[in-house]
Amino acid sequence: MIGITAYGVYIPRARLSKQAMAAANAWFDPSLKALAKGERSICNWDEDSITMAVEATRDCLSALGDKAIDSLYLASTTLPFLDRQNSVLLGEALNLGQRIRSMDVSSSQRAATSALISLLESKIPNNALLATSEHRRSMAGSRSEMLWGDAAATLSVGCTDVIAEYLGAETLSVDFVDHYRGEDASFDYSWEERWIRDEGFLKIVPAAVNKLLESVALSSADINHFILPSDQLRTPAAVAKTLGIDAGTVVDNQIASVGVAGVAQPILMLAKAIEMAAPGDLILLIGFGQGCDALLFRVTAAVANCVPASGVKGALACRREEGNYNKFLSFNNLLQRDIGKRAESDKQTYLSGYNRRKDLLTGFIGGKCRDCDTVQIPRERYCVNPQCNALDSQDDYRFADKTGTVASWTADSLTFDWNPPAYLGMVEFDGGGKLMMDFSEVEAGKIDVGTKLTMHFRIKQFDPQRGFKKYFWKAVPE
Amino acid sequence: MASGIKDKVVILGMGCSKFGERWDSSPADLMVEAFEECIEDAGIERKRIDAAWFGAGIDTFNVGSSAMPLAIALRLNYIPVTKVENMCATGTEAFRGAVYAVASGACDIALALGVEKLKDTGYGGLPQRTRGVENDMYWPNLSAPGAFAQLATGYRAKHKLNQVDLKRAMAHVSVKSHANGVKNPKAHLRREITEEQALNAPYIAEPIGLFDCCGVSDGSACAIVTTPEIARSLGKDNLVAVKALQLAVSNGTESSHESWDGSYLKTTRIAAQRAYDEAGVKKPKTEISMTEVHDCFSITELVTMEDLQLAEEGKAVTAVLDGAFDADGSNPCQIDGGLKCFGHPIGASGLRMIYENYLQLQGRAGARQLSDPQLGLNHNLGGFPHQNICSISIIGHYE
């Protein structure tokens, strides 16, 4: 048996009020008011498809335990680097080791489902990870902006302890151009919704699904969970009706709570379906884009043993209301903000220096002294313990999964920050070690000495001059 | 065992420019202004200067690198000039270089000059600058107030103080310095402030408010030093001698080892004890007449009072509020107005502080003259509370 062995999810905690969005833009397009229900997830300034993928994959690994990982695929159309394998950076942040097989999959809204089929139909000795993540780019005042959200979801695929058995898949490759994004474009260009529905979803999806059901000798009436990722609110039900799938099985795309998360959406919805499924349930998963992938899974009894730290419910519940639409525009570079002279300093990353300290910067690895057991970060050649100071005595010691406590902190209004004030402070790690670090996701008045912290891979700095991004770990209050 | 620096070197002359937003003055103008006062005070010709130490902190926004800017500005006669940079301890470091050179016998008369031009950045506060190729990739995004604000949170947590009391004491530190600065014609900020103003000012880095921060200014200060014998041979009396010169530099223990709790300045404690030992000071509270300490932020001064043993550990809030460090208190601090009113041109500050102690010891401090001071201490702290450089000098009458 091959199938899904675990899942993990990440949804940025900031949820932007759609009323606030509509209030800002309805003067230009009154039809946006009709979409002004609920909220959508938005990346913080220091989040992108890489950082979200790290979170979702850590969540997946929390359920998978210490089982061996052979490969890591990363699917997204909003990866920060066009030529620098993003999945390798992801793998280093997750400390998966250099022997991991990795690949970025992109260029289509069905990148995730196509990658998933590829993994399910390949020989995997242990477990393969498929991370999917999307930091969506849309124009200010657009309908897309109201309908989309940022999120990530990760699956592991393997042959032991399968929680959703893979029954089969069908793919139709059709160059149906409902939208596109050219090589130099920041935003999608899309065609009329009604045409996409009638000529796209309602023709291509049923053709693929019928072929799939026929090949596995199942009927549409057997489907318990039908996933059709789409930002068209009523289209999944319309497609279900055409196929004879019960309307009650349609998995809600969460347009009013998260927004449709691009390439991550089918995997996020699959995680959601698995989370609410009972053993024996059949899940039909669609990926739509230049044709269609249709995949069929049967949930197993092992699903009860798969409990990610967050999961979909946890990710939905970890939320902070955001009413400031301007902040969203600013975080997504949709307006030219006066960021002041302090922001002008050169942000060059000296790649040879970066490469030397990659274990610290990406892996968040410090040292533990073999002579005196002192845990320390950053690791220098001599042990920091004044009673020891041994040379080259430290083994790798990873801090990413450690919790910590605020020993001192401040809210710095002088330094340049994309979301001032900049919160930072001295973190004392449980198990030893301390480091002065940036904080993220701090709410005013909710931090003090003694506050518990967890560690998260985030964007440290942008270099707009050269199109580079620095990442490092930040502390987030629990 | 080393015999220390006590009474081996005396100050022949000192000078200090007016500090402030010196828009129309170049670094060279500031250097000349300080030097002209200094050389006149010393009463020697410039050709008597055998060697010089030049302190400048932030090359990018100041004079550029190397010792040449000093040699060119003063047209020094191809003598050895050494550039020193050690963050906020830079000025005192230049002084240490010159004093050590004289003490060693390598030269008879040496010059120490510090300068900083901070007001060419186009914005307030210290310049934004790189911390080094590797550090820039993981150091937190913090300003100087952001770093020192944490001394307040660490100190408050350690001693279980409430924020209101600590903020009041911090406010008093600044109110006192402003009151002193009014009397100093060379200070940048010369107006009194009230406790209410200080308490109600906006946060720069919580809990540090606007009036908890020192100013940012341009300035220069310098000293000419020699042996007591040469000074006497030049007809000088009322000599002021160096009693101690100490420096302690963090080795990463505070930032990476659990033994430091963030509530005090480890380097200050170490440098202070060494300085007291070197100067033969047994009871700092009664023997140190005045201090010029590194009040980059009010909380730094407050905690430094404990680290210098001028207040008991955990009791600085009470001592400050009781006026122990006011102009009429038991240990006046920042009698010239401090960094608070002078601003902090990095390379110049240490020498500016020594200049005030020197004037006070010679009874030349005008409206702010203290009664019969015996020993003056200056203290600089460069960097952040969790990793820094602390310099301390003690000067007093040569007997």
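Residues numbered from 1 in each chain as written. Chains lettered and ligands numbered in written order. Predicted model: local features only at pLDDT ≥ 70, side-chain atom pairs only at ≥ 80, totals over all residues.

Asks: Where do I start with the overall build of chain B in this structure?
Replies: Secondary structure assignment for chain B yields 15 helices and eleven strands. What you see for chain B is a C-alpha radius of gyration of 20 Å, in line with the 21 Å of a compact globule of 399 residues. Within the span of chain B, comprising 399 residues, buried residues form 61% of the whole. Expressed as a percentage of contacts within chain B between residues at least 6 apart in sequence, the contacts between residues at least 24 apart total 78%. (Helix = DSSP H or I, 4+ residues; strand = E, 2+ residues; numbered from the N terminus. Rg over C-alpha atoms; globule rule 2.2 N^0.38 Å. Buried ≥ 20, exposed ≤ 12 C-beta atoms within 10 Å, placed from the backbone. Contact = placed C-beta atoms within 7 Å.)

Asks: For this particular structure, what's the right way to read the environment of Y189(A)?
Replies: All names here are of chain A. By the element assignment, Y189 lies in strand β10 (residues 189–190). The sequence separation of Y189 and L351 amounts to 162 residues, and the corresponding C-alpha distance is 36 Å. When near neighbours in sequence (up to four residues on either side) are disregarded, Y189 contacts H179 and Y180.

Asks: What's the story with the sheet that holds strand β1 (residues 3–10) of chain A in this structure? I'm lost.
Replies: Consider a sheet: its strands pair through backbone hydrogen bonds, and that pairing is either parallel or antiparallel. Residues and elements named next belong to chain A. Sheet architecture is open: nine strands sit in the order β5-β4-β6-β7-β1-β8-β13-β12-β11, paired in mixed fashion. Of all strands in the sheet, those with a lone pairing partner are β5 (101–105) and β11 (225–227), marking the two edges. Averaged over all neighbouring strand pairs, the angle between strand axes comes to 25°, with direction disregarded. Direction of pairing for β11 relative to strand β12 (residues 282–288): parallel, over a ladder of three bridges. Each bridged residue has a counterpart across the sheet, and for I227 the counterpart in β12 is L285. Here helix α6 (residues 193–216) sits on the sheet in contact with β8 (164–173), β12 and β13 (291–299), set at roughly 135° to β8. (Pairing = 2+ DSSP bridges. Axes fitted to C-alpha atoms, helices over the stretch in contact; angles between N-to-C directions.)

Asks: Any chance you could explain the domain arrangement of chain A here in plain terms?
Replies: One widely used convention gives an interface's size as the accessible area the parts lose upon coming together. Residue and element names in this part refer to chain A. For chain A, the assigned domains read domain 1 (3–331) and domain 2 (342–364 + 399–477). Taken together, the contact pairs 17 residues of domain 1 with 15 residues of domain 2. Of all the elements in the fold, those that place two or more residues in the side of domain 1 that touches domain 2 are α2 (49–64) and α3 (86–93). The dominant element in the side of domain 1 that touches domain 2, judged by the number of residues it contributes, is α2, at four residues. For the side of domain 1 that touches domain 2, the per-class residue count stands at seven nonpolar, three polar and seven charged. (Domains from an automatic or database assignment. Nonpolar A, V, L, I, M, F, W, Y, C, P; charged D, E, K, R; others polar.)

Asks: In this structure, what is going on with the interface of chain B and chain A? I would like to understand it.
Replies: Of the residues lining the interface, 33 residues belong to chain B; the matching set on chain A comes to 37 residues. Of the residues contributing to the side of chain B that touches chain A, the split by class is twelve nonpolar, 17 polar and four charged. Pairing geometry for strand β18 (residues 404–412) of chain A and strand β5 (residues 203–206) of chain B, over two bridges, is antiparallel. Note that in β5(B) the partner of D412(A) across the bridge is A205(B).

Asks: Is there a simple way to think about the pairing of strand β4 (residues 69–75) of chain A in this case?
Replies: Consecutive residues of a regular strand have side chains that alternate between opposite faces of the sheet. All names here are of chain A. Extensive coverage of β4 is indicated by the burial of six of its seven residues. With six bridges joining them, β4 and strand β6 (residues 127–134) adopt parallel strand pairing. Paired with L74 across the bridge in β6 is A131. Note: β4 against β5, five bridges, orientation parallel. The residue of β5 that forms the bridge with L72 is S102. Crossover connection from β4 via α3 to parallel β5: handedness right-handed. (Right-handed = clockwise from strand over helix to strand, strands pointing away.)

Asks: What am I meant to see in the environment of M68(B) here?
Replies: Along the polypeptide, M68(B) turns up in helix α2 (residues 68–74). Put simply, M68(B) and K83(B) are 15 residues apart on the chain and 8.4 Å apart in space, counted from C-alpha to C-alpha.

Asks: Which parts of the structure should I look at to understand the environment of T410(A)?
Replies: Summarising the element assignment, T410(A) is placed in strand β18. According to the C-beta neighbour criterion, T410(A) is buried, with 30 such atoms within 10 Å. Considering only alpha carbons, one finds T410(A) and I447(A), 37 residues apart in sequence, at a separation of 9.2 Å. Apart from the residues within four sequence positions on either side, T410(A) is in contact with L424(A), G425(A), G146(B), A149(B), Q150(B), T153(B), A205(B) and E206(B).

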